[in-house]
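# Reading the structure
As a plain string of letters, each chain reads:
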Amino acid sequence: MIIINANAFLDARGFRMSDLIIENGKIIRILPAGSADPFEPEVINLQGAKLYPGFIDLQINGCGGIIYNDAPTAEKISYMQEINSRSGTTTFLPTLVTTTAENIDFAIDEMRKFQDLHGRLSVPGIHIEGPFISPAKSGIHNKANIRRFTDEKLAQFTAAHRQIAMLTLSPEQFTVKQLESLAASGITLSLGHTACSYEQCIPLLGADKCIHNATHLYNAMSITASARTPGASDAVLDSGIYAGIIADLCHVHPALIRNARRCLGNRLYLVTDALASAGAPADFKSFSFCGKTMYVKDEGFCADENGTLGGSSLTMNIGLFSENDAINMATVIPAQTVGLDDRLGSISEGKEANLTVLDSEYNCRLTVCHGEILYRG
């Protein structure tokens, strides 16, 4: 494939008019526009349209009318991939929220089937969000399934480290030895749904510690209680670990998003925390999640009858893409978070040809994944 006349986002260099030569699913050459042969087979002429790296979403519970938890099959992952491609997302972590041991076991087996067929670059694994969390910060999660982590589960998870990309947890449900073993296996450990204090969290957070990431910063975690009582969110900001944030302007106040950006810099990234309503028809207004009826609000978030937030209707292309920093927050930073930035996250020679074209209204017009067209709008 050859892509010509692309206004390509080339990292810190910003947008540049470029031609891309793609072979075997990888970008092998990036040339100034007009350099490539426009008469070669499989030429795509973008005529100056903006070309972005494929978006990476590390937390997505569902989309297109379905919830991953309900039946986490390999077929459902393929369906989610199809729906995500319509918004320019080429890599994602299907997210399994607090559930039974049997459902987790099933999800791991089905993820293995999917990866055996498709590899790990489009779907690096499951994001297991709970059940090893604080009951006091369970949010929409089913408290009946919250429990402590066990050494038996440790053996299972470390053996399945290629199927489990991320684990959201609260530290009081683990021993330090268990956390160290999980981190050593290659699973990205993420602080979230936690009532733990600053003092409980801070020894575990950092590039050289067990926990390198935080799940939907500010949401479902202890926050500053007073001038003398910082919370888990303050530990995240103080430690400078990676953190995902739901930037729909409903889950988190814009001032807090700005402050997090100042503190974390290029370690803050975007997630959708999307539910079934993301990418669903406009008349899709309610669905079941965690045993509750969720309602799709006009503002774009989802909540139960009591107003408890339960995720969003966001897709990555309608996040915050008006600034270069926001593009990085949807591409290279999440790739770094899960250790895949050598293959994904930017338009660079040698990297996977995961690309998306957005129009001036940020509607997705083309999605290319590993050098093949997944969606054309």
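Residues numbered from 1 in each chain as written. Predicted model: local features only at pLDDT ≥ 70, side-chain atom pairs only at ≥ 80, totals over all residues. Heavy atoms only, no water.

### Details of the overall build of the protein
Along the protein, the regular secondary structure elements total nine helices and 22 strands. Expected size for 377 residues packed as a compact globule is a radius of gyration near 21 Å; at 20 Å, the protein falls within 12% of this value. Projected onto its principal axes, the C-alpha positions of the protein cover 60 × 40 × 40 Å. When each of the 377 residues of the protein is scored for burial, the buried share is 57%. Within the protein, contacts between residues separated by at least 24 positions form 66% of all contacts whose residues are at least 6 apart in sequence. Here the protein displays about 15,200 Å² of accessible surface, and carbon together with sulfur accounts for 49% of that area. Between the mean site of the 30 positive side-chain charges and the mean site of the 40 negative ones, the protein shows a separation of 4 Å. (Helix = DSSP H or I, 4+ residues; strand = E, 2+ residues; numbered from the N terminus. Rg over C-alpha atoms; globule rule 2.2 N^0.38 Å. Buried < 20%, exposed > 50% of the residue type's maximum accessible area, 1.4 Å probe, protein only. Contact = heavy atoms within 4.5 Å. Areas by Shrake-Rupley, 256 points an atom, 1.4 Å probe, with all protein chains shown as cover. Lys, Arg positive; Asp, Glu negative; His and termini not counted. Charge placed at Lys NZ, Arg CZ, Asp CG, Glu CD.)

### Focus: the nonpolar core
Of all hydrophobic cores here, the largest spans 84 residues; its most connected members are Phe-157, Leu-167, Leu-182, Leu-189 and Leu-217. In contact with Leu-217, not counting residues within four places along its chain, are Ser-233, Val-236, Leu-237, Ala-243, Gly-244, Ile-245, Val-252, Ala-260, Leu-264 and Leu-268. If you look at the next biggest cluster of nonpolar residues, it comprises 18 residues, including Met-1, Ile-3, Ala-8 and Leu-51. (Core = buried A, V, L, I, M, F, W, Y, C linked by side-chain atoms within 4.5 Å.)

### Describing the sheet that holds strand E6 (residues 55-60)
Pairing within the open sheet is parallel, and its eight strands lie in the order E6-E9-E10-E11-E12-E13-E14-E15. The sheet is open, and its two borders are formed by E6 and strand E15 (268-271), each paired with just one other strand. In this structure, strand E13 (residues 213-214) lies alongside strand E14 (residues 242-246), joined through two bridges in parallel fashion. Each bridged residue has a counterpart across the sheet, and for Asn-213 the counterpart in E14 is Tyr-242. (Pairing = 2+ DSSP bridges.)

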